[in-house]
Amino acid sequence: MTEYETILVSRPSQAPRVALITLNRPKALNALNRQLMLELVGAVTELDRDPDVGAVVITGSERAFAAGADIREMQPQGFPGVYVDDLFREWDRLADVRIPLVAAVAGHALGGGCELAMLCDILLAADNATFGQPEIRLGVIPGIGGSQRLTRAVGKAKAMDLVLTGRTMGVEEAERSGLVSRIVPLADLLDEALKTAATIAGYSSPVVSMAKEAVNRSYETTLAEGIRFERRVFHSIFATADQKEGMAAFVEKRAADFTHS
Ligand code: CAA
């Protein structure tokens, strides 16, 4: 496995076919610097190609999932540099992976931290989690998709409130608003995330990826086009061994044994 400095990658024994990525810049509250971005995106891309991994959990520390993009790193930069480098473009690659990403969020999920959580497919939040897009306080706006994904998740009224005031929202408000999939007691967060990921990883990987693709399509197209897309994908799944196995197992009253094919 590749060696990393700003993240830890492990394969927890209690969660078959699941990889765990822990953001590991505790002194900077997991601020997302360039190295962390490249390492995290590289690790997820590698895991996306690993046939032995069916889901990935991304987590931080109890104090901070991530307190945003690294402000110290951004501070000296000017327009030509960030434009030519297309600062943050690598993050877009996380939106393209087929493997499901489960965010296990405790503590601060601010700015880029909130945006990273929103790049994941399922967002489990501990009861101490807080969310916000405070970039306006720094004289900038969200830069890793926050103005778009937050608005789609919570609607214009709440997104404007958060993006324009820079205020932080607590976990109950985040769940009520549709940003968070589930609230979990802090002590159970990682176990619950690993269990959720293991459940997903136990299903047919190609079918899981198609389900993820179909849900994501709803963000990008009309209802009629989205339903046509779903129908085509649904029909194509009947060409998989796992559809045969899943339905045979139900009829034969036994557990399905998916082969991811
Ligand atoms: N970038 C760089 N360093 C950061 C950081 C960040 N986003 N967030 C925290 N840190 C560092 C602090 O500088 C501090 O380092 P030192 O000990 O060396 O001084 C350390 O982490 C601990 O932070 P605090 O002492 O501030 O801890 P706190 O508990 O008092 O406050 C906090 C916690 C409210 C999260 C506060 O750290 C904070 O407001 N952080 C910045 C949040 C923010 O503005 N995020 C948006 C960043 S911009 C962005 O993300 C753009 C985008 O869309 C991509």
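Here the structure is shown first, and the text comes after it.
Since this is a predicted model, take the numbers as computed values, not measurements. (Residues numbered from 1 in each chain as written. Predicted model: local features only at pLDDT ≥ 70, side-chain atom pairs only at ≥ 80, totals over all residues. Heavy atoms only, no water.)

1. Some details on the packing of aromatic side chains
The cut-off we apply is this: A pair of aromatic rings is counted whenever rings of Phe, Tyr or Trp (Trp by its six-membered ring) have centres within 6.5 Å, and the orientation is called stacked for planes under 30 degrees apart, edge-to-face for over 60 and tilted otherwise. To qualify as a helix, a DSSP run of H or I must reach at least 4 residues; to qualify as a strand, a run of E must reach at least 2; elements of each kind are numbered from the N terminus. The classification of residues rests on relative accessible area computed with a 1.4 Å probe and restricted to protein chains. Under 20% of the type maximum is buried, over 50% is exposed, and intermediate values are partly exposed. Geometrically, a lysine NZ or arginine CZ counts as sitting over a ring once it is within 6 Å of the ring centre and also within 35 degrees of the ring normal.
Throughout the structure, instances matching the rule amount to two aromatic pairs. With centroids separated by 5.4 Å and ring planes inclined at 25°, the aromatic side chains of Phe79 and Tyr83 adopt a geometry described as stacked. Linking Phe79 with Tyr83, this pair stays in helix 3 (residues 79-85), spanning four residues, or about one helical turn. Using a relative accessible area of 60% as the deciding quantity, one classes Tyr83 as exposed. On the numbers, 5.3 Å between centres and 70° between planes, the contact of Phe234 with Phe238 is edge-to-face. Residue class for Phe238 comes out partly exposed when judged on its relative accessible area of 36%. The residue whose ring lies beneath Arg217 is Phe229, and the NZ or CZ to ring-centre distance is 3.9 Å.

2. Observations regarding unusual backbone geometry
Positive phi, normally seen in glycine, also occurs at Asn30, with a value near 60°. When you line up the elements, Asn30 lands in the loop between strand 2 (18-23) and helix 1 (34-48). Residues other than glycine seldom take positive phi values, yet His260 does so here, at roughly 60°. Relative accessible area serves as the criterion here: at 28%, His260 is assigned to the partly exposed category.

3. Notes on the pattern of salt bridges
Note the following rule: Salt bridges are defined as contacts in which a side-chain nitrogen from Lys or Arg sits within 4 Å of a carboxyl oxygen from Asp or Glu.
Tallied over the entire structure, the rule returns twelve salt bridges. The closest approach of N and O atoms between Asp121 and Lys212, which form a salt bridge, is 2.8 Å. Of this pair, Asp121 sits in the loop between helix 4 (112-119) and strand 7 (122-126) while Lys212 sits in helix 9 (residues 205-217), and the two are 91 residues apart along the sequence. Given the relative accessible area of 31%, Asp121 is considered partly exposed.

4. Describing a negative patch on the surface
The line we're drawing: Patch membership is restricted to residues that have no salt bridge and whose relative accessible area is over 30%. Joining uses 9 Å for like charges and 5 Å for the nonpolar side chains Val, Leu, Ile, Met, Phe, Trp and Tyr. Accessible surface area values rest on a Shrake-Rupley calculation with a 1.4 Å probe, where residue burial reflects the displayed protein chains alone. Charge counting treats Lys and Arg as positive and Asp and Glu as negative, with His and both chain ends excluded. A charged residue contributes its charge at one atom only: NZ of Lys, CZ of Arg, CG of Asp or CD of Glu.
Together, Asp127, Glu172, Glu175, Asp188 and Asp191 line one region of the surface with negative charge. On the secondary structure map, Glu172 appears in helix 7 (residues 171-176).

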